[in-house]
Amino acid sequence: MRFTTCLGLVVIASALMIAPAYGGTITQWTFENQPVTGAPPYNNSPTPSTGVGTASSIGMDIYPTPQVGVTSDDILQGATGDTGVNGNANLSQIWRVRAQAGPTGGAANGWSSLAPIGTQGAVFSASTVGVKGPINVGFDWYATNQGEANLQLRYTDNGITFTNLPITLNASDAGLAALNNVTSPNTVIGSYVSITGGAGQGWFPGLAATINDPLAAGNPNFAIEMVNASTGADNISAKGTPLNNNSGNWRFDNVTISAAVPEPSTIALAALSLVGLSVSFLKRRS
């Protein structure tokens, strides 16, 4: 019986050494599971396509643009007309974040240069209980010509305080720059991305970050935010002009929170340990 058990350990260890390692998707929003709405009706809290979580926009019903509006997020079908100068197209369903006219009437858009840093954008929450970490984050981002050009990514482990994250760009994200501010009081101190050179509207797919904070893993209060990195004079549109405060929006797709892929060396080490234990036992037995 002991020999059989030992042989089984060897087989398992061998399988571990040759098997690929995969990270697991915790929660994802592709928005393909939502009805295409346009406005109205609205969809201010789209459910995930995979896993469990919540999504909502923030700061859309606070500032006059030119009137104070109501949050009016919606699901759109991607169109070739939304392809920007970098040539990236998205023809799948996406989520648009903005405001529209409220009960008082008059036009309203929601996006405002009066908004303090980190108070407008979208938040995606998903429990990481049972995950050891690191946590990977990925998303596709689009800004219209008059949409805000500066975006920062943040995460929280308590639902209250948020930590700024460096964003890794995809090779196809032409017209987008990963920057780090250390001086301007009107832009987040830390990492953000910016649409450069007045490139205008465009999709930027595959934006990503890895969170190594142990408090982010195994946490029921984990969430990420994609929010405005600037305010006031630093708050510019995708065309490189001052934000006009009455048009423009952001759109998101393929928002993904996942467990990181285990290091191959870690798996190999575990496998070799099993083999070593098995061989040692066999030697003693013989």
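Heads up: these notes are all about the structure in this document. Please read these numbers as outputs of a predicted model, since none were measured by experiment.

Let's talk about the side chain of T156
Turning to its location among the elements, T156 is positioned in strand β9 (residues 150-156). The buried category is assigned to T156, whose relative accessible area is 1%. Of note is the side chain of T156, whose polar atom sits 2.8 Å from the backbone nitrogen of G159. Excluding residues within four positions of it along the chain, T156 makes contact with T161, F162, N221, F222 and A223.

Structural notes on the environment of P205
Along the chain, P205 falls in strand β13 (residues 202-211). Residues P205 and D140, 65 residues apart in the sequence, show an inter-C-alpha distance of 4.1 Å. Not counting the four nearest positions on each side in its chain, P205 is found in contact with N88, F139, D140, N170, S172 and D173.

Looking at the pattern of salt bridges
Tallying each qualifying case throughout the model produces four salt bridges. Measuring nitrogen to oxygen at the nearest pair gives 3.1 Å for the salt bridge that ties R251 to D82. Remark: D82 occurs in the loop between β4 (74-77) and β5 (93-97) and R251 occurs in strand β15 (residues 250-259); sequence separation between them is 169 residues. With a relative accessible area of 9%, R251 lands in the buried category.

Thresholds, definitions, all that
- Residues numbered from 1 in each chain as written.
- Predicted model: local features only at pLDDT ≥ 70, side-chain atom pairs only at ≥ 80, totals over all residues.
- Heavy atoms only, no water.
- Helix = DSSP H or I, 4+ residues; strand = E, 2+ residues; numbered from the N terminus.
- Buried < 20%, exposed > 50% of the residue type's maximum accessible area, 1.4 Å probe, protein only.
- Polar contact = N/O pair within 3.5 Å; in protein donor to acceptor, adjacent residues only side chain to side chain.
- Contact = heavy atoms within 4.5 Å.
- Salt bridge = Lys/Arg side-chain N within 4 Å of Asp/Glu carboxyl O.

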